[in-house]
Amino acid sequence: MMISFCSTRDPALLASAGEALEVGLASDGGLFIPQSFPTIDVAALPSESFQEMAKMWLHAWLKGTEFEKDISSVVDDALNFSVPIYRLDENTAVLELFHGPTLSFKDYGARTMARLLGQRLARTGGNRIILVATSGDTGSAVADGFAGIDGIQVVLLYPSGGVSEIQERQLIVERPNVQALRVKGSFDDCQQLVKGAFADPALVGIPLSTANSINIGRLLPQMLYYVWAVKHLQNNDIEFYVPSGNLGNMTAGVMTHLAGLSVHGLRAAHNANDFYPAFLLDPSTAFGSTIQTLSNAMDVGAPSNFERLQALLNPAKMRQLIQGEVVSDQDTIASMQRVYEQYGYLADPHTAVGLEASRRFRLKSGEERLHVILSTAHPAKFPEVCERALGIKPVEPAQLAALRDASTNVVDIGAQREHLASVLLGL
Ligand SMILES: *Cc1c(COP(=O)(O)O)cnc(C)c1O
């Protein structure tokens, strides 16, 4: 059976995998979710190689679609890095998702989605301009993922003075078909510019698209590491700890489970942006405004994938499968210190939020169940926080060191609509 996708707001509004990937958002403003789920025999998947397992899993999702024949080469090309699992102790393991080129888990979604979209555009002869506003990991993952793919240009906007030195280095390194724009304004200004471009009459006819985690194409590959952990650790009763912001990773975990992966539960570990954990306790909770924290890639007041979670799980099932936890900045620092002292393991601030949630659930339950914490970023992306928590500077991995001598390409623009429009019209 071929899987189609439908809008979260209207189950009758259908799209093929290719259409959903290309347009991003459904025409009624909803997000795409699978209309039905494959039933996958997890025991029959290969467990020797992540890439071979990935191909079989994605095949079950995409067979019969235009992408069926692309899967193998896309996986080999996009997911050509390792997925190590680091055992802290008997019952606690860290699933390291930061070994891709830009050192965060967002490489999985961005690189895979880019290549699938590239294949589709090659078939249709179309082209797309991907616009992204970024304050953190998304921009570099998207820029790296889409760079050099025929038919695609990337324009990324970031706030001048609003990203760290390392993040900026990752954003402005020269890449084929990528233009970085340093905006005189805030992150919100950047987001406004992107939104405005889609509605700008001067830009009608320019094929704009986005690549943030509202795109289902990013979530499909994010299922793979949950499956890998279960296969690799040979344990069907794992509790997964997911450092969460927009809840894309959490949604991917839910989709994995609905397609046949058995897990004990999923735990949404949030920083002070606590909407979702609060909602799980009290469904009348409303979205909050965004609060800045040390785990800044999770600073989201209104998680975009919440709408998907609600469409995928009825309230009883959601509460049975998912629980939430909120971790303050102070406890994030303490978590980094504890894990370093206890295990000699250097966790980045996002991973530390997951580790602290795991510690608390262990304490509350007294159970010896296996906890797997998704490690979403490399600590070297956050040297200031590591220095503050532990007094040490993380060793710079090759992916970052190489950027020091690389040539850069960035254009400064103002935060007015005309500035972005003139860049887009000149591409
Ligand atoms: C994006 C990001 C998150 C949050 O992931 P969501 O899918 O938005 O919940 C967590 N950690 C890091 C390092 C990230 O870059």
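As shown above, the structure is provided for reference.
Residues take numbers from 1 onward in each chain, read along the sequence in its written order. Only residues with pLDDT of at least 70 are given local features in this predicted model, and only at 80 or more are side-chain atom pairs given and counted; all residues enter the totals for whole chains, interfaces and linings. Heavy atoms from the whole structure form the basis of all side-chain values; hydrogens and water molecules are not counted.

A closer look at helix α10 (residues 248-258)
For the record, the criterion: Only protein chains enter the accessibility calculation, which uses a 1.4 Å probe; a residue whose area is less than 20% of its type maximum is buried, one above 50% is exposed, and one in between is partly exposed. Starting at the N terminus, helices and strands are each numbered in turn, a helix being any DSSP run of H or I of at least four residues and a strand any DSSP run of E of at least two.
With respect to burial, α10 is a largely interior element, 10 of its 11 residues being buried. For α10, the full list of buried residues reads G248, N249, M250, T251, A252, G253, V254, M255, T256 and H257. Two residues or fewer past α10, G260 is found with a positive phi of approximately 125°.

Concerning the sheet that holds strand β11 (residues 265-270)
Our working definition: In this scheme, strands are said to pair when DSSP sees at least two bridges between them. For every element, the axis is a line fit to its C-alpha atoms; helices are fit only across the contacting stretch, and the angle between N-to-C directions ranges from 0 to 180 degrees. A contact between two residues is defined here by any heavy atoms of the two lying within 4.5 Å.
The mixed open sheet is built from 6 strands, whose spatial order is β4-β5-β13-β10-β11-β12. Each edge of the open sheet is held by one strand with a lone partner, namely β4 (85-89) and β12 (322-326). Within the sheet, the average angular offset between the axes of one strand and its neighbour, ignoring direction, is 25°. When strand β10 (residues 239-243) meets β11, the two strands line up parallel, connected through 5 bridges. Paired with V242 across the two strands is A268, which belongs to β11. Each of β4, β5 (92-96), β10, β11, β12 and β13 (371-375) touches helix α15 (residues 349-365); the most contacted strand, β13, lies at about 165° to it.

So, the pattern of salt bridges
Any two side chains of opposite charge can pair if their charged atoms end up close together. Short version of the rule: Any carboxyl oxygen of Asp or Glu that lies within 4 Å of a side-chain nitrogen of Lys or Arg is treated as forming a salt bridge with it.
Across all of its chains, the model carries 28 salt bridges by this definition. Linking E22 and R128 is a salt bridge whose minimum nitrogen-to-oxygen distance equals 3.0 Å. Placement of E22 in helix α1 (residues 17-23) and of R128 in strand β6 (residues 128-133) is noted, with a sequence separation of 106 residues between them. Considered together, E22 and R128 belong to a single accessibility category, that of buried residues. Across the pair E66 and R123 runs a salt bridge whose closest N-O atoms are separated by 3.1 Å. Taken together, the residues E66 in the loop between α2 (50-62) and α3 (71-78) and R123 in helix α4 (residues 106-124) connect sequence positions 57 residues apart.

Side note on the nonpolar core
Nonpolar side chains in soluble globular proteins tend to be buried together. What counts, and what does not: As used in this record, nonpolar core signifies buried Ala, Val, Leu, Ile, Met, Phe, Trp, Tyr and Cys residues forming a set joined through side-chain atoms within 4.5 Å.
Residues W57, F146, F240, Y276 and I322 are the most contacted members of the largest nonpolar core, which totals 96 residues. With near-sequence residues (within four places) excluded, F146 lies in contact with A110, M113, A114, L117, I130, I152, V154 and A211. Formed by 19 residues, the second largest nonpolar core is a distinct cluster that contains C190, A197, L203 and V423.

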